[in-house]
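Survey of secondary and tertiary structure
The lines below spell out each chain.
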Amino acid sequence: MFKRAGAGAVVLGAGPAGLACSYELSRRDVPTTVVERSKGVGGLCRTFNYNGFLFDIGGHRFLSRSREVNAIWEDVLGEDLLRCSRKSSIYYQGHFYRYPLNAFDTLKNLGLIESARCFFSYLNSQVMPPVDQTNFEGWMTRRFGRRLFEIFFKPYTEKVWGISCAELSGDWASQRIQQLSLRKAIKSAIFGNGNGKIKSLSDEFLYPKLGPGQFCDRLKTKSESLGTQYRMQAEVDQINVAGKRVDSVEIRNAAGRSEKLCGDSFISSIPLPVLIERIRPRAPLGVLSAARSLKFRSFISVNLIFNEPRLFDENWIYIQSPDITAGRVQNYKNWSSAMVPDAEKTSLGVEYFVSEGDSVWSLSDEQMMALALEELERIRIVGRAKVAGGFVVRVANAYPVYDSGYQRSLHIIRAYLETIENLQAMGRAGLFRYNNSDHAVLTGLCAARNILGEKHDLWAIDPDQGRDE
Ligand SMILES: Cc1cc2nc3c(=O)[nH]c(=O)nc-3n(C[C@H](O)[C@H](O)[C@H](O)COP(=O)(O)OP(=O)(O)OC[C@H]3O[C@@H](n4cnc5c(N)ncnc54)[C@H](O)[C@@H]3O)c2cc1C
């Protein structure tokens, strides 16, 4: 379908997908230009440096069943790829539960009566399963029983997605926690998760010494050394289609001037609705309205430094309690000690799942910091007097929302994009796929290989069940 580039390839977005794509193209001598709106590369996989303290956009575990992705991580990072033990817990109504669940700890925290209720509720869900299991609530209740679902899954899930579990498509659970059931969770709670069989419970992961941004920065350097050009702080404004092909994209460059980039192949990891909106001549009305119906959740991380050498042992804590707005707290020195330059201090990322323009998104940075400090105090993690500084990161379009209509919309958009021969969508927001970075990397590699004559359906790539399983 795609010919080897003469004028070359233009890659939109320099997150893991765009970086992997440009790296692969540059290794195969395809002249490549990458357009990225931010100052730095990495997208959602960026790492921020604040006075020497390093923060992710949510701690990024590197965990993949794809041999190819593992090989790239190892090749690019070498000795800087750390093997970490996972330690995480759930905060719920004043108690910290180890997660993945530990049988004794859970029984102790829930108490005998509540544990018995959970057990009978589970039996009930086996005898009388929910009628509708296409939504998240039905899917999980069938596997865990209503009571456990309501304690351990519902509050956090509703924080992340901002809609009720009954409105959330079961696709999300079947994609992300597909192998998990109460029987397996109990087995894992008693005997451990043998060799990370259940990925969501895996007790080990890889992590770059200086955070995921280290991997992204190195990929950029490698592809630059092979000739890829990066246009940083440049916004993709318009995608010009002539007949069945894109002939150019118009960008607003770092100096604020409009510029046209021509190419033979175009690969986009910018959010799918934005791509569709910016195509000229305009996409048909049905396609535009399908694109406008796709929704994203956004994300805020309040990154704080404390004058305390140790606050807790976990890498992260999920905050299930509905009376706390924060959804998760990261402790970066427990990911890699190199994330914190001063052993007497500890850095935390307090994470909020929001929608652009909602009441939390609209708070000023000072108000966000005050909220995070107040909530950390209420959970009894640390008092505000210990804070030594911090900053706020806001990320729009962080989570594609799998509501009941998203698949229909995606179907319409895919059919339209397939009419444009030399345009491919890849990556997370690019394919509207709730993925991890391994999936983004794989779609980037496969998009590059499509240009070189291979045939990969980027919409169907699944690193958990892929060809290199
Ligand atoms: C809170 C959180 C935690 C996560 N945790 C993990 C984890 O533990 N492990 C893991 O593997 N993955 C994790 N992920 C997922 C991971 O971050 C993504 O899978 C990955 O970053 C997706 O890569 P991408 O290149 O597809 O998209 P992105 O990273 O979103 O990159 C897209 C790029 O396009 C640029 N762009 C957008 N619009 C334009 C425009 N108009 N013009 C120019 N440039 C544009 C953006 O600036 C961005 O750099 C997490 C994500 C989040 C939000």
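Cut-offs used in this document
- Residues numbered from 1 in each chain as written.
- Predicted model: local features only at pLDDT ≥ 70, side-chain atom pairs only at ≥ 80, totals over all residues.
- Helix = DSSP H or I, 4+ residues; strand = E, 2+ residues; numbered from the N terminus.
- Rg over C-alpha atoms; globule rule 2.2 N^0.38 Å.
- Buried ≥ 20, exposed ≤ 12 C-beta atoms within 10 Å, placed from the backbone.
- Contact = placed C-beta atoms within 7 Å.
- Near = placed C-beta within 6 Å.
- Nonpolar A, V, L, I, M, F, W, Y, C, P; charged D, E, K, R; others polar.
- Pairing = 2+ DSSP bridges.
- Axes fitted to C-alpha atoms, helices over the stretch in contact; angles between N-to-C directions.
- Domains from an automatic or database assignment.
- Expected span 1.5 Å × (residues − 1).
- Arc of directions from axis to C-beta.
- Core = buried A, V, L, I, M, F, W, Y, C linked by C-beta atoms within 7 Å.

Across its full length, the protein chain holds 15 helices and 20 strands. Its C-alpha atoms give the protein chain a radius of gyration of 23 Å, near enough to 23 Å, the size a compact globule of 469 residues would have. Here the C-alpha coordinates of the protein chain stretch approximately 70 × 55 × 40 Å along the principal axes. Buried residues in the protein chain amount to 48% of all 469 residues. Taking as baseline every contact in the protein chain between residues at least 6 positions apart, the subset at least 24 positions apart corresponds to 71%.

Moving on, we get to the site of the ligand. The local shell around the ligand holds 34 residues, among which Gly-13, Gly-15, Gly-43, Gly-58 and Gly-427 are the closest. Mapped onto the shell around the ligand, the elements with two or more residues apiece are α1 (16–27), β10 (235–242), α14 (428–431) and α15 (437–451). Class assignment for the residues of the shell around the ligand results in 15 nonpolar, 13 polar and six charged.

Turning our eyes to something else, we now look at the sheet that holds strand β9 (residues 229–231). The parallel open sheet is built from five strands, whose spatial order is β9-β2-β1-β13-β20. Both outer strands of the open sheet, β9 and β20 (423–425), are each paired with one neighbouring strand and no more. With direction set aside, neighbouring strand axes in the sheet form an average angle of 20°. By the bridge criterion, four bridges tie strand β1 (residues 9–12) to strand β2 (residues 32–35) in an arrangement that is parallel. The residue bridging Val-11 from the neighbouring strand is Val-34, located in β2.

Let's shift gears to unusual backbone geometry. Cis geometry is adopted by the peptide bond preceding Pro-281, which originates at Arg-280 and carries an omega value of -10°. Relative to the helices and strands, Pro-281 is located in the loop between β14 (279–280) and α11 (285–293). Located in the positive-phi region is Gln-93, a residue other than glycine, with phi close to 45°. By the element assignment, Gln-93 lies in the loop between β6 (88–92) and β7 (95–99). On the basis of neighbour counts, which here come to 11 C-beta atoms within 10 Å, the residue Gln-93 falls in the exposed class. Of note in the backbone geometry, Phe-432 takes a positive phi value of approximately 55° without being a glycine. With respect to the helices, strands and loops of the structure, Phe-432 is situated in the loop between α14 and α15. Here Phe-432 falls in the buried class, since 27 other C-beta atoms lie within 10 Å of it.

Before going further, it helps to spend a moment on the sheet that holds strand β15 (residues 296–306). Strands sit in the order β7-β6-β16-β17-β18-β15-β19 across an open sheet of seven strands; the sheet is mixed. In this open sheet, the two strands that pair with only one neighbour each are β7 and β19 (387–400). Sheet twist, expressed as the average angle between the axes of neighbouring strands with direction ignored, equals 20°. With 10 bridges joining them, β15 and β19 adopt antiparallel strand pairing. Bridging from a neighbouring strand, Asn-303 pairs with Phe-391 of β19.

Right, let's talk about the domain arrangement of the protein chain for a bit. The domains assigned to the protein chain are domain 1 (9–46 + 60–83 + 209–294 + 403–460), domain 2 (101–201) and domain 3 (296–400). Once you take the C-alpha centre of each, domain 1 and domain 2 turn out to be 35 Å apart.

The next point concerns helix α13 (residues 406–417). The terminal C-alpha atoms of α13 lie 16 Å apart, and with 12 residues this matches the ideal 16 Å at 1.5 Å per residue to within 8%. The complete set of buried residues in α13 reads Ser-409, Leu-410 and Ile-413. For α13, the buried positions fall inside an angular range of 100° around the axis, keeping them on one side. Looking at α13, the residues exposed on the side facing more than 90 degrees away from the buried face are Gln-407, Arg-408, His-411 and Ala-415. Contact partners of the buried residues in α13: α10 (272–278) and α11.

This part takes up the nonpolar core. By size, the foremost hydrophobic cluster in this structure holds 126 residues, and its most contacted members are Cys-21, Leu-272 and Ala-372. Contacts of Leu-272, omitting those with residues within four sequence positions, involve Ala-291, Leu-294, Ile-413, Ala-425, Ala-429, Gly-430, Leu-431 and Phe-432.

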